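Here's the letter readout for the chains.
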Amino acid sequence: MEGLSPQLRDLLKRFDQGQKLALARAISIVENERDGFQALLHAVLARGLRSERLGITGPPGAGKSSLVAELANHYRAQGDEVGVVAVDPSSPYSGGALLGDRIRMNDLATDPGIFIRSMATRGSLGGLATTTKEVIDLMDGFGFPRVMVETVGVGQTELEVTSATDTVVVVLVPESGDGVQAMKAGLMEIADVFVVNKADRPGADRLLKELRMAIHLRAGEAMKDIPAHHGVDMGAAVREGAPGKKPRRWEKPEGWQIPVLATEAHSGKGVTELADAVEAHRAHLLASGELEVRRRKRAEIRVRDVVSRELRRVAWRAVAGEELARGLDRITEGAATPYSLAQRFVEGILGGGGPKRGTP
Amino acid sequence: MTDERKIRVLVAKPGLDGHDRGAKVIASSFRDAGFEVIYTGLHQTPEMIVNAAIQEDVDVVAMSILSGAHMTLFPRVKDLLREAGADHILLTGGGIIPEDDAKALEEQGIGKLFGPGTPTSAAVAYIKEWFETQGERV
Ligand SMILES: Nc1nc2c(ncn2[C@@H]2O[C@H](COP(=O)(O)OP(=O)(O)OP(=O)(O)O)[C@@H](O)[C@H]2O)c(=O)[nH]1
Ligand SMILES: [Mg+2]
């Protein structure tokens, strides 16, 4: 691993002292992939990571930020400091972004135990998900016992980002459609906890019922009353929320039964139950050994990501603009194809000396 | 991979005025200019603004003030930024600010202030120009 520059060493020292400015700067350095950012991440990760990580995802306007704020309040009341990463899309036209998640988190704005960072997706060459995960790691390494990440939608990127968390909460609202759509969209696969937010609105009960039904259908009737595995009662939190009534749950392969909860984020209703469900999921991850499995998987994904990113970086540095332009001329003339040109570049890169001169 | 540096701007709406149409217009034209804009909504105190500016590691704080409190709010935010070790951040803004006041504030180290009716493109150009003169920070 390359060493840290004197400036980055100084930054790391301030980071270790708990200076927020240093964390903020470190995030920018990673986000912009400045020189030495990998060495910086190495230094931070080398001491180990220990935050409890929560991913919150769902359609635009579902109330994700409001829920994050309520959960943060909940954790602060318990004495835990909280880091929040809020990701919003960049405009594909201007490359700019309007990051508005802090609007819902104003109550937390001057709490020194909360650190909120807004990120734009930036549409870089497949780098967003990795960068976001690296920012989560920085918050973790800074020492927040809890880190939450908010992402919009359930695209590939969100899927990847949520893979960097221990527990994924998928937030839906009565307007999001029915439970079958949720199944089709693959939400069952990524959700550890389902939330129907805006439960004060008409249609919430219907969506709750449909989601529970969908989960139930997937599990099959026979699995309904399977006892808690590994000595942990995973459904306890949920049952407390609805005394006497046993919610139907679908069992994920690793033995977790996805709870479906109702919340009203703007008033805070249902947030304690949500926090309890997250806690129960974590207990399940720990007891089942699944946390270790996820962490190992996470490390593997990171190694693959970083290798790909490095190779891409080296490759595109080697493919000089002029060389590319000349090759494109030949393609337009019909003297080459994208494949022959690409092949020549790849050979040149693997040969070490950059692309060879001459005709593709 | 991202060789072009993104300009990050906090658009802040301090004070008690009841609407933020102007601030929203500015925020979206900054976005259209390619800036990453952090918008935090109405009723921001100077402490909230500075806290957000630090966490978001912005290059610029742009405040929109229509209430007439600019002579206290701009210096207050400037002081807090200084105290927090974030004096590298450009503090600029706009609103109903008489020319003499703007001049007095500029003498206190506050950036250019834009009066009503100034096209947002002027603020965009000003920020871009200022940013060009800034080196890489660590
Ligand atoms: N009626 C009702 N409104 C809510 C509830 N929760 C949030 N809202 C409102 O829904 C709107 C969107 O809330 P946000 O928390 O910003 O939603 P979000 O999912 O973070 O939105 P994006 O980040 O823009 O995708 C706000 O106006 C909230 O006040 C709720 O439980 N009931
Ligand atoms: Mg949001």
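See above for the structure.
Fair warning: this is a prediction, and the values are worked out from it, not measured in the lab.

**Student:** Teacher, can you tell me more about the pairing of strand E6 (residues 167-172) of chain A here?
**Tutor:** Successive side chains on a regular strand alternate, one facing one side of the sheet and the next facing the other. Residues and elements named next belong to chain A. With respect to burial, E6 is a largely interior element, 6 of its 6 residues being buried. Note: strand E1 (residues 52-58) against E6, 4 bridges, orientation parallel. Residue Ile56 lies in a different strand from E6, and its bridge partner there is Val169. Two elements, E6 and strand E7 (residues 193-196), share 4 bridges in a ladder whose sense is parallel. The residue bridging Val170 from the neighbouring strand is Phe194, located in E7.

**Student:** Is there a simple way to think about the site of ligand 1 in this case?
**Tutor:** Residues and elements named next belong to chain A. Around ligand 1 there are 17 residues in total, and Lys64, Ser65, Ser66, Arg104 and Asp200 lie nearest to it. In the model, an oxygen atom of ligand 1 is placed 2.5 Å from a nitrogen or oxygen of the Ser66 side chain. One of the side-chain N or O atoms of Glu150 is found 3.0 Å from an oxygen atom in ligand 1. Sorting elements by how many residues they give to the shell around ligand 1 places helix H4 (residues 64-77) first, with 3 residues. Residues belonging to the shell around ligand 1 are distributed by class as follows: 3 nonpolar, 6 polar and 8 charged.

**Student:** Sorry, what's going on with unusual backbone geometry here?
**Tutor:** Backbone phi values are negative for most residues with the exception of glycine, while trans is the configuration of most peptide bonds. Positive phi is not limited to glycine here, since Lys198 of chain A has a value of about 60°. A positive phi angle, near 45°, is found at Asp57 of chain B, a position not held by glycine. Within the secondary structure, Asp57 of chain B sits in the loop between helix H2 (46-55) and strand E3 (60-65).

Definitions and cut-offs
Residues numbered from 1 in each chain as written. Chains lettered and ligands numbered in written order. Predicted model: local features only at pLDDT ≥ 70, side-chain atom pairs only at ≥ 80, totals over all residues. Heavy atoms only, no water. Buried < 20%, exposed > 50% of the residue type's maximum accessible area, 1.4 Å probe, protein only. Helix = DSSP H or I, 4+ residues; strand = E, 2+ residues; numbered from the N terminus. Pairing = 2+ DSSP bridges. Near = heavy atom within 4 Å. Polar contact = N/O pair within 3.5 Å; in protein donor to acceptor, adjacent residues only side chain to side chain. Nonpolar A, V, L, I, M, F, W, Y, C, P; charged D, E, K, R; others polar.

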